[in-house]
Amino acid sequence: MWYHKPVINKELLQSLPNLKIVASSGVGIDHLDLNLLSSYGVKVSNTPFIVSTDTADLAMALMLASSRRLVEGYEMAVSPDTEYFPADWLGTEVSGATLGIVGMGTIGYKVAERAKSFEMKILYHNRNQRKKEEESAVGAVYCKKIDDLLQQSDFVLLAVNLTPETHKLIGKRELELMKPTATLINISRGLVVDQDALVEALQNKTIKAAALDVTYPEPLPRDHPLLKLKNVIITPHIGSATKKTRRVMMEEMSESIQAGLAGLPIPREVL
């Protein structure tokens, strides 16, 4: 499966009685009904680790691009109507700012490692607190309540899996808790954010900006209000989109398929 295609549903499973394994690219498995697949005796694998480094890099790129208004700056620099660069055209500093990471798994932790190099203060909210030595290595402070993180952070990064618990995790209430100078960055899944509430928050300046690698649907309808806002950067779900990573993802999927067909233990099996 690549980009959630083909759709694995009951009709497909019934038409493929000899199916042994579904190998899915990437980390997320929210598009798969694991109970349904298991009931047909079908194994599942994904590629959870290889995508982490590139996705963490993209998170930093989105943070920097949004804070320093790179897209707007580019448009100004190349516009045929530009006669001068205004002296009061300013961005927001990243170095020394507070980054709140929601979801401190492999990707979230790699972002924290990068943010430490920018001398950022790092807060994080997670189902489970990280080991003390892991926190110390990046200078991260655990927030048991997500509200505490939202109220203190200059940048809020979403790096959680999409589950029933995280569906629209960030809605109107959560956005109103954030600073009016804060930026929301989403590298997880579009449905982790209530997009209607996000549009309203951006239009009303409840928060300053958003940088999104994921939306729902993907791509957005061409008349969607998010596409018209100057304080939004949207990229086409490219967290893992580097040549090396995509090649390794395909190799790992092939390895899992071969093992599944041979009846051997499946690397990176989703249980």
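Calculation notes
Residues numbered from 1 in each chain as written. Predicted model: local features only at pLDDT ≥ 70, side-chain atom pairs only at ≥ 80, totals over all residues. Heavy atoms only, no water. Phe/Tyr/Trp six-rings, centres within 6.5 Å; stacked < 30°, edge-to-face > 60°. Helix = DSSP H or I, 4+ residues; strand = E, 2+ residues; numbered from the N terminus. Buried < 20%, exposed > 50% of the residue type's maximum accessible area, 1.4 Å probe, protein only. Expected span 1.5 Å × (residues − 1). Salt bridge = Lys/Arg side-chain N within 4 Å of Asp/Glu carboxyl O. Pairing = 2+ DSSP bridges. Axes fitted to C-alpha atoms, helices over the stretch in contact; angles between N-to-C directions. Contact = heavy atoms within 4.5 Å. Right-handed = clockwise from strand over helix to strand, strands pointing away. Parallel < 35°, antiparallel > 145°, perpendicular 65-115°, else oblique. Left-handed = near helix turned anticlockwise from the far one by under 90°. Nonpolar A, V, L, I, M, F, W, Y, C, P; charged D, E, K, R; others polar. UniProt positions renumbered as here; feature names shortened; annotations may be inferred.

## Focus: the packing of aromatic side chains
Aromatic ring pairs are reported here in terms of the distance separating the ring centres and the angle at which the planes meet.
Next, step 1: One pass over the full model with this rule turns up 1 aromatic pair.
Next, step 2: Where Tyr124 meets Tyr142, the ring centres are 5.2 Å apart and the plane angle is 50 degrees; that geometry is what we call tilted. Here Tyr142 lies in strand E5 (residues 140-142) and Tyr124 lies in strand E4 (residues 121-125), a separation of 18 residues in the sequence.
Next, step 3: Residue classification places Tyr142 among the partly exposed residues on the basis of a relative accessible area of 22%.

## A short note on helix H3 (residues 52-67)
Next, step 1: Taking 1.5 Å as the rise per residue, H3 with 16 residues should run 22 Å; its terminal C-alpha atoms sit 23 Å apart, in good agreement.
Next, step 2: When you tally the buried positions in H3, you get 12 out of 16 residues, the bulk of the element.
Next, step 3: Along H3, the residues that are buried comprise Ser52, Asp54, Thr55, Ala56, Leu58, Ala59, Met60, Leu62, Met63, Ala65, Ser66 and Ser67.
Next, step 4: Arg69 lies just past H3 and shows a positive phi near 55 degrees.

## Digging into the pattern of salt bridges
Next, step 1: All told, the structure shown has 15 salt bridges when counted by the stated rule.
Next, step 2: Two residues, Glu135 and Lys132, come together in a salt bridge whose shortest N-O distance is 3.8 Å. Here Glu135 and its partner Lys132 are both found in helix H6 (residues 132-138), 3 residues apart, which amounts to about one turn of the helix.
Next, step 3: Residue classification places Glu135 among the buried residues on the basis of a relative accessible area of 8%.

## Things to note about the sheet that holds E4
Next, step 1: On the basis of which strands lie adjacent, the open sheet formed by 7 strands has the order E5-E4-E3-E6-E7-E8-E9 and parallel pairing. The sheet is open, and its two borders are formed by E5 and strand E9 (232-234), each paired with just one other strand. Along the sheet, successive strands turn relative to each other by an average axial angle of 15 degrees, direction set aside.
Next, step 2: Its contacts with the sheet put helix H9 (residues 195-203) on strand E7 (183-186), strand E8 (209-212) and E9, and the angle it makes with E8 is roughly 140 degrees.

## With respect to the pairing of E7
Next, step 1: Neither face of E7 is open: one carries Thr183 and Ile185, the other Leu184 and Asn186, and all of them are buried.
Next, step 2: Pairing analysis gives 4 bridges linking strand E6 (residues 155-158) to E7, with the strands arranged parallel. Opposite Leu157, over in E7, you have Ile185 as the bridge partner.
Next, step 3: Read from E6 through helix H8 (residues 172-177) to E7, the crossover connection turns out right-handed.
Next, step 4: Two elements, E7 and E8, share 4 bridges in a ladder whose sense is parallel. Residue Thr183 lies in a different strand from E8, and its bridge partner there is Ala209.
Next, step 5: Considered for its hand, the β-α-β crossover made up of E7, H9 and E8 is right-handed.

## Quick notes on the packing of H3 against helix H5 (residues 106-117)
Next, step 1: H5 packs onto H3 with a crossing angle of 50 degrees between their chain directions and a minimal axis gap of 8 Å. Accordingly, the angle class assigned to the pair H3 and H5 is oblique. Considering the relative orientation of H3 and H5, their crossing is right-handed. In this structure, H3 contributes Ser52, Thr53, Thr55, Ala56, Asp57, Ala59 and Met60 to the contact, and H5 contributes Thr106, Ile107, Lys110, Val111, Arg114 and Ala115.
Next, step 2: Here the residues of the contact of H3 with H5 sort into 6 nonpolar, 4 polar and 3 charged.

## Points about the UniProt feature "domain: D-isomer specific 2-hydroxyacid dehydrogenase catalytic" (unreviewed entry) in the protein chain
Next, step 1: Sites flagged by UniProt as "domain: D-isomer specific 2-hydroxyacid dehydrogenase catalytic" (unreviewed entry) map to residues 3-270.
Next, step 2: The span residues 3-270 carries 37% helix and 13% strand; its end-to-end C-alpha distance comes to 17 Å.

## Considerations on the environment of Tyr216
Next, step 1: Structurally, the position occupied by Tyr216 is in the loop between E8 and E9.
Next, step 2: The exposure class assigned to Tyr216 is partly exposed, which follows from its relative accessible area of 23%.
Next, step 3: For the pair Tyr216 and Val192, spaced 24 residues apart in sequence, the C-alpha separation works out to 9.6 Å.

## A short note on unusual backbone geometry
Next, step 1: Each neighbour pair has its own omega, and for Lys5 with Pro6 the value is 0 degrees, a cis peptide bond.
Next, step 2: Structurally, Pro6 is set in the segment before helix H1 (10-15).
Next, step 3: At His4, a position not held by glycine, the phi torsion is positive, near 65 degrees.
Next, step 4: Its place among the elements puts His4 in the segment before H1.
Next, step 5: Notably, Arg268 is not glycine yet its phi reads approximately 60 degrees, a positive angle.
Next, step 6: Mapped onto the elements of the fold, Arg268 is located in the segment after helix H10 (243-262).

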